[in-house]
Structures are given as structure tokens and as C-alpha cells.
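Spelled out from the first residue to the last, the chains are:
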Amino acid sequence: DTAVSQTPKYLVTQMGNDKSIKCEQNLGHDTMYWYKQDSKKFLKIMFSYNNKELIINETVPNRFSPKSPDKAHLNLHINSLELGDSAVYFCASSGRAGVEQFFGPGTRLTVL
Amino acid sequence: GESVGLHLPTLSVQEGDNSIINCAYSNSASDYFIWYKQESGKGPQFIIDIRSNMDKRQGQRVTVLLNKTVKHLSLQIAATQPGDSAVYFCAEKAGSARQLTFGSGTQLTVLP
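Residues numbered from 1 in each chain as written. Chains lettered and ligands numbered in written order. Predicted model: local features only at pLDDT ≥ 70, side-chain atom pairs only at ≥ 80, totals over all residues. Heavy atoms only, no water.

(A) Just the overall build of chain A, in detail. Of the regular secondary structure elements, chain A holds 0 helices and 11 strands. Along chain A, from the amino end to the carboxyl end, the secondary structure elements read β-β-β-β-β-β-β-β-β-β-β. Computed over its C-alpha atoms, the radius of gyration of chain A comes to 13 Å, within 12% of the 13 Å expected for a compact globule of 112 residues. Expressed as lengths along the three principal axes of its C-alpha atoms, the size of chain A is roughly 35 × 30 × 30 Å. Counting across all 112 residues of chain A, residues that qualify as buried make up 45%. Taking the intrachain contacts of chain A between residues at least 6 apart in sequence as the baseline, contacts between residues at least 24 apart amount to 55%. Carbon and sulfur atoms make up 50% of the accessible area of chain A, which totals about 5,800 Å². Of the charged side chains in chain A, 13 are positive and 11 negative, and the gap between their average positions amounts to 4 Å. (Helix = DSSP H or I, 4+ residues; strand = E, 2+ residues; numbered from the N terminus. Rg over C-alpha atoms; globule rule 2.2 N^0.38 Å. Buried < 20%, exposed > 50% of the residue type's maximum accessible area, 1.4 Å probe, protein only. Contact = heavy atoms within 4.5 Å. Areas by Shrake-Rupley, 256 points an atom, 1.4 Å probe, with all protein chains shown as cover. Lys, Arg positive; Asp, Glu negative; His and termini not counted. Charge placed at Lys NZ, Arg CZ, Asp CG, Glu CD.)

(B) Molecular detail of the pairing of strand E11 (residues 106–111) of chain B. Residues and elements named next belong to chain B. Every second residue of E11 is oriented toward a common face, the buried set being Thr106, Leu108 and Val110 and the non-buried set Gln107, Thr109 and Leu111. As paired strands, strand E2 (residues 10–14) and E11 are joined by 5 bridges and run parallel to one another. Directly across from Val13, in E11, lies its bridge partner Val110. Summarising the sheet, strand E9 (residues 86–94) and E11 pair through 3 bridges and their orientation is antiparallel. Bridging across to E11, Val87 finds its partner in Gln107. (Pairing = 2+ DSSP bridges.)

Below you can see the structure in the form of C-alpha cells.
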């Protein structure tokens, strides 16, 4: 069984559109994350979230917003997509320590 | 700002040899240092971590060394196998925050 799953795996869209990426974890973890990986493989935290607090990386544009319907899900909504948003987005989850994080398979977003 | 960096972007080793991947960090406040492996088309996978009050930790075929004097972290892989071919990231975690700061990655290629 997949521990952390994301959908879709590939997302191709036009500039200016709004899109969402879904993430689910079945590990019972209380913290979930979104990361962005650019073309040079650099991996950068965007958000971390548990049922108590949302921590936002200050460099993330406010066009990006995480939405958590419940503890097992953390979706990423992106408004007014720009060319520079093209990247691979990874969802992850962890227990309280946050050291060992379990990553999903990634969503490759291409903005045309 | 604080950053985690790697000395070499690529490393090629012969199958059966030992591999050493290096990482320099600058945040003295980090209390955990972690290594992740990312295979092509997949999300990063936790390998091993080390607390800042330790200088060595061993896992299965892997050893992590921490030198706080020179702010240097290394991952040693014994008897490197084709399945070890991947991008390796070092990461650090500071204090109670659950967010990780990742380095830029090293591509390890195992030659037959």
C-alpha cells in the first residue's frame, strides 16, 4: 500500500489557470509538507502543516495555498499559474520529530 | 542566509567500491543532519540521520560522519551497488521546527 500518494502525476496547463494537487498519507502522521523541486534538483520547503499550525516559507507567493480537509490530506492549490511555477512538487509527511519524512512520488507541473 | 551545500555535484564509482558523498553546512544551530536518496522519477527517501551531539552513526552499508569543527557531513556507502545510483541530498533540521533545509544534491553513478 502506498504510504504517501499524490495526484495527478503529471499536470500540464496554461498560464493564468488555477490548479490543485492532491496528497494523501496513510501513515497516521500528524505533519504534512509540500516541497518544490526545480530543474536543477534543488528541493525547497514550501509549507509544513499539522492540525495546530501552518508554517509558510516566506518566499512562497500567496498564489500558493495549502488546504487540509482532514489529518490525512494536504492539498496544494495554485492560483494564476506562471511559467516559473513549472517544477516537480512533492508532498511528504512525518511524525512529530520531522526528521524522517516520507515523500510522495511527485507531481510534475508544466505551465505553458 | 543559512544553507546546506555539497562539494561535488556528480560522483562516479565502480561497482563494489566504497562511495563518499560530502556536504558542508553553515547553520550551527542545527540539531539533526539527515541523508536522503532520490532515485530517478521518485520522491526522496530517508537513509540515515545523526544528531548534532554525535560524530558517527552506522546503518546497513552506510555510515554518516559529522565534523562540527569544520561543519562537514559525509555519507559513506560500502560496496556500492547499481541500485545505489541516485541523487543524494543532505538536509538539516534546527530546533523544534519540523522543516528540513536540503542541500543541492550529488548525483551518484555506479559503473559496472
